[in-house]
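Summary of structural features
Now for the letters of each chain:
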Amino acid sequence: MRNGLDRLYDVSSWAAALMMVGTLLMVVLGMLDRYVSLSFRGTDMYAGYCMAAAGFLALAHTLKKNEHIRVTLLLNAVAPKAKKALELWSLSAAVLLSGLFCFYSIKLAYQSWDFNDISTGNDATPLWIPQIGMAAGTLVLLIAFVDELVLEFLGQRVTSSSDEALHNE
């Protein structure tokens, strides 16, 4: 199970990287279009779609690599038992919020497909296509938060301690 979940997070991060490459390609195509008149329509919109998908698809991998911003001032000041309770509470809240975010992202993509909603730009792209990146990213994030909650509950969660205090400028 652990290997499958880790593979899911890695696939999501690779998809995010591909979307970043897609953003770069759309920006370059847009620049070329301005100078050579290649008649590419909607490159600005597609660059935005790729950038949004990249951001959402990278969320779970970032969480699992302990790279999300955490405010640990309170966690470092309490006893270990209270720290575990605070971690369980915050992860439960994160599961709830990411679950809602996932539900409504999937609902948005489904409704866009159901209503045949298209973008208002000159590309006229069906909006459910770029919304898939957001829906998939929030789904993988929900899975990652559930994974973290279960690991914390079982006492197997590994968090990196902050070394911010060591960096004085």
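Residues numbered from 1 in each chain as written. Predicted model: local features only at pLDDT ≥ 70, side-chain atom pairs only at ≥ 80, totals over all residues. Heavy atoms only, no water.

Bringing the side chain of Q131 into the picture now. With respect to the helices and strands, Q131 occurs in helix 6 (residues 128-154). Residues in contact with Q131, not counting those within four places in the same chain, are L108, A109 and S112. (Helix = DSSP H or I, 4+ residues; strand = E, 2+ residues; numbered from the N terminus. Contact = heavy atoms within 4.5 Å.)

By the definition in use, this model includes eight salt bridges. Here E148 ties to R157 by a salt bridge, and the two come within 2.5 Å at their closest N and O atoms. Here the two residues E148 and R157 agree in accessibility, since each one is buried. Counted as one network, the salt bridges with shared partners bring together R2, D6, K64, E87, D147, E148, E152 and R157. (Salt bridge = Lys/Arg side-chain N within 4 Å of Asp/Glu carboxyl O. Buried < 20%, exposed > 50% of the residue type's maximum accessible area, 1.4 Å probe, protein only.)

Before going further, it helps to examine helix 5 (residues 80-114). In this model, helix 5 (35 residues) spans 50 Å end to end at C-alpha, consistent with the 51 Å of a helix rising 1.5 Å per residue. Every buried residue of helix 5 is accounted for by E87, L91, A94, V95, S98, C102, S105, A109 and S112. Those residues of helix 5 hidden inside the fold are in contact with helix 4 (73-77) and helix 6. (Expected span 1.5 Å × (residues − 1).)

What follows deals with a nonpolar patch on the surface. Taken together, L24, V27, V28, M31, L32, Y35, V36, L38 and F40 make up a surface patch of nonpolar side chains, about 870 Å² in accessible area. Structurally, Y35 can be placed in helix 1 (residues 2-36). When its relative accessible area of 75% is taken as the criterion, Y35 is described as exposed. (Patch = residues over 30% accessible without salt bridge, like charges linked within 9 Å, V, L, I, M, F, W, Y side chains within 5 Å. Areas by Shrake-Rupley, 256 points an atom, 1.4 Å probe, with all protein chains shown as cover.)

Counting residues in each nonpolar core, the largest one holds 13 residues, and the members touching the most others are Y9, A60, L63, A144 and F145. Here the element with the most residues in this core is helix 6; it accounts for five residues. Not counting chain neighbours up to four residues away, the residues in contact with L63 comprise H68, L141, A144, F145 and E148. (Core = buried A, V, L, I, M, F, W, Y, C linked by side-chain atoms within 4.5 Å.)

Although it is not a glycine, N116 sits at a positive phi angle of roughly 55°. Since its relative accessible area comes to 62%, N116 is described here as exposed.

Before going further, it helps to examine the packing of aromatic side chains. All told, the structure shown has four aromatic pairs when counted by the stated rule. For the ring pair F103 and Y104, a centre distance of 4.9 Å and an interplane angle of 80° mean the geometry is edge-to-face. Residue F103 is classed as partly exposed on the basis of its relative accessible area of 48%. With relative accessibility at 49%, the residue Y104 sits in the partly exposed group. (Phe/Tyr/Trp six-rings, centres within 6.5 Å; stacked < 30°, edge-to-face > 60°.)

With that out of the way, let us pick up the side chain of R157. Its place among the elements puts R157 in the segment after helix 6. There is a polar contact of 2.9 Å between the side chain of R157 and the side chain of E87. (Polar contact = N/O pair within 3.5 Å; in protein donor to acceptor, adjacent residues only side chain to side chain.)

Glancing now at the confidence of the model for the chain. Of all residues in the chain, 94% attain a pLDDT of 70 or more, and the chain-wide mean is 90. Ranking the helices and strands of the chain by mean pLDDT puts helix 6 first, with 96, and helix 4 last, with 82. (pLDDT = per-residue confidence, 0-100.)

Summarising the element assignment, L97 is placed in helix 5. Assessed through its relative accessible area of 56%, L97 is described here as exposed.

Time to look at the packing of helix 1 against helix 2 (residues 43-57). Between helix 1 and helix 2, the least distance of the axes is 8 Å, while the angle of their chain directions is 165°. The angle between helix 1 and helix 2 places the two elements in the roughly antiparallel class. Like other packed secondary-structure pairs, helix 1 and helix 2 cross with a definite hand, here left-handed. Split by residue class, the contact of helix 1 with helix 2 holds 14 nonpolar, six polar and two charged. (Axes fitted to C-alpha atoms, helices over the stretch in contact; angles between N-to-C directions. Parallel < 35°, antiparallel > 145°, perpendicular 65-115°, else oblique. Left-handed = near helix turned anticlockwise from the far one by under 90°. Nonpolar A, V, L, I, M, F, W, Y, C, P; charged D, E, K, R; others polar.)

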